[in-house]
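Residue-level structure breakdown
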Amino acid sequence: MSREEQRDATRRALVASASRRFATAGYAATSLPEIVSDAEVTKGALYHHFGSKAELFEAVLSEVQEGVAAQVVRAAESAGSDAWDQMLAGCRAFLEASTDTSVSRIMLIDGPAVLGWSRWRRYDDANSAQHLGEAIAELAAQGVLTGDVDATTRLLSGAMNEAAIWSAEAPAQDRARNLDAAVATLTAMLEGLRTR
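Residues numbered from 1 in each chain as written. Predicted model: local features only at pLDDT ≥ 70, side-chain atom pairs only at ≥ 80, totals over all residues. Heavy atoms only, no water.

**Concerning the confidence of the model for the protein chain**
To keep it simple, the criterion reads: Confidence per residue, as judged by the predictor, is encoded in pLDDT with a range of 0 to 100. In this text, helices come from DSSP runs of H or I with a minimum length of four residues, and strands from runs of E with a minimum of two, each type numbered from the N-terminal end.
For the protein chain, the mean per-residue pLDDT works out to 93, and 100% of the residues sit at or above 70. Mean pLDDT values for the elements of the protein chain range from 88 in helix 7 (residues 117-126) up to 95 in helix 2 (residues 32-39).

This is the structure:
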């Protein structure tokens, strides 16, 4: 294994270990010694790749955000060619992915707390919110949705983030019902903006 491959493998191991720990225990309750022990690397290796626990968390958050965004895109693309159906499928995929307790803890609970609202918002804007904004802009351009594109994107994004946390924090037996209720309510809200 080359030096570069070894560096990449070490970085991947650290991010994977941190991701598991942050998902189960949360950022505050996770220690760097636990992460390096799980990754089977030294503390020096960790600091070679990441300057702090917060920087490591940011790498984990980035991967989680990108993973959720990829699920949203796949769902939208497999919904057919109708932009309305694509947006609804993408919204459902976001809620399904974000209802996973490990995703919601990293992405929606610890993310804003660790990075601060503005910095976390930039991650969200570059991933899920970007796809949502593009879908809403497309529907507005087609004359399917009324209202301001930016306002609709922000309101819908905030509502979906809150619904995801609500579902993720519910007892396991209630999560599917909460998800279905959130999707149905979200669809009804969007129908109110749909042109007739």
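Moving on from the coordinates now.
**Observations regarding helix 10 (residues 172-193)**
Quick note on the threshold: Given a helix with a known number of residues, its expected span is that number minus one, times 1.5 Å. Per-residue accessibility, obtained with a 1.4 Å probe over protein chains only, is compared with the maximum for each type, and a residue is labelled buried under 20%, exposed over 50%, and partly exposed between these values. What the arc measures is the spread of directions leading from the helix axis to the C-beta atoms. Any two residues whose heavy atoms approach within 4.5 Å are treated as being in contact.
Between its terminal C-alpha atoms helix 10 stretches 33 Å, which fits the 32 Å expected from 22 residues at 1.5 Å a residue. Asn178, Leu179, Ala182, Val183, Leu186 and Leu190 are the residues of helix 10 that are buried. End-on, the buried residues of helix 10 take up no more than an arc of 135 degrees, which puts them together on one face. Exposed and facing more than 90 degrees away from the buried side of helix 10 are Gln173, Arg177 and Gly192. Contacts made by the buried residues of helix 10 are with helix 5 (83-99) and helix 9 (149-169).

**Points about the packing of helix 7 against helix 8 (residues 128-141)**
What counts, and what does not: Orientation is described by axes fitted as lines to C-alpha atoms, over the contacting stretch for helices, and by angles from 0 to 180 degrees between their N-to-C directions. Angle categories: roughly parallel below 35 degrees, roughly antiparallel above 145, roughly perpendicular from 65 to 115, and oblique for all the rest. In this classification, Asp, Glu, Lys and Arg are treated as charged, Ala, Val, Leu, Ile, Met, Phe, Trp, Tyr, Cys and Pro as nonpolar, and every other residue, Gly included, as polar.
As a packed pair, helix 7 and helix 8 sit with axes 3 Å apart at the nearest point and diverge in direction by 50 degrees. The orientation of helix 7 relative to helix 8 falls into the category oblique. Here Arg121, Asp124, Asp125 and Ala126 of helix 7 come into contact with helix 8, specifically with Ser128, Ala129 and Gln130. When its residues are assigned to classes, the contact of helix 7 with helix 8 shows two nonpolar, two polar and three charged.

**Considerations on the UniProt feature "domain: HTH tetR-type" (unreviewed entry) in the protein chain**
As a reminder of what qualifies: UniProt positions are given in the numbering used here, feature names are shortened, and annotations may be inferred rather than shown by experiment.
The sites that UniProt annotates as "domain: HTH tetR-type" (unreviewed entry) are residues 8-68. The annotated region residues 8-68 carries 80% helix and 0% strand content, and the separation between its end C-alpha atoms amounts to 23 Å.

**Looking at the packing of aromatic side chains**
Our working definition: Aromatic rings from Phe, Tyr and Trp, taking only the six-membered ring of Trp, are treated as a pair when their centres fall within 6.5 Å; an angle between ring planes under 30 degrees marks them as stacked, one over 60 as edge-to-face, and anything in between as tilted. The criterion for a charge sitting over a ring is simple: Lys NZ or Arg CZ within 6 Å of the ring centre, and within 35 degrees of the ring normal.
Under the counting rule described, the total for this entry stands at four aromatic pairs. Judged by centre distance (5.3 Å) and plane angle (65 degrees), the rings of Phe22 and Phe57 are edge-to-face. Taken together, the positions of Phe22 in helix 1 (residues 3-25) and Phe57 in helix 4 (residues 53-77) put the pair 35 residues apart, joining distant regions of the chain. Pairing Tyr27 with Phe57 gives two aromatic rings, centres 5.4 Å apart and planes at 75 degrees, and the pair type is edge-to-face. With Tyr27 in the loop between helix 1 and helix 2 and Phe57 in helix 4, the pair connects residues that are 30 residues apart, well separated along the chain. Judged by relative accessible area, which is 17%, Tyr27 ranks as buried. Three or more aromatic residues joined by ring pairs form one cluster here, namely Phe22, Tyr27 and Phe57. Positioned above the aromatic ring of Trp84 is the side chain of Arg194, whose terminal nitrogen or guanidinium carbon lies 4.1 Å from the ring centre.

**Regarding the side chain of Thr99**
Checked against the element boundaries, Thr99 lands in helix 5. Relative accessible area serves as the criterion here: at 8%, Thr99 is assigned to the buried category. When sequence neighbours within four positions are dropped, the list of residues in contact with Thr99 reads Ala164, Ser167, Ala168, Arg175 and Leu179.

**Quick word on the side chain of Lys53**
We count it as follows: Under the counting rule used here, the positive set is Lys and Arg, the negative set is Asp and Glu, and His together with the chain ends is not counted. Whenever a carboxyl oxygen of Asp or Glu lies within 4 Å of a side-chain nitrogen of Lys or Arg, that contact is scored as a salt bridge.
Take Lys53: it is sitting in helix 4. Although Lys53 is buried, it forms no salt bridge, and the closest oppositely charged side chain is Glu34 at an N-O distance of 7.4 Å. Leave out the neighbours within four places in its chain, and Lys53 touches Phe22, Tyr27, Ala28, Thr30 and Leu32.

**Some details on the environment of Gly111**
Residue placement: Gly111 occurs in helix 6 (residues 101-115). Assessed through its relative accessible area of 0%, Gly111 is described here as buried. Spatially, the C-alpha atom of Gly111 lies 17 Å from that of Gln130, the residues being 19 residues apart in sequence. Leaving out residues up to four positions away in the same chain, Gly111 has contacts with Phe57, Leu61, Arg105, Ile106, Gly116 and Trp120.

**Structural notes on the environment of Ala9**
Tracing the chain through its elements places Ala9 in helix 1. Each C-alpha atom, one on Ala9 and one on Glu138, is 40 Å from the other, the two residues being 129 residues apart in sequence.

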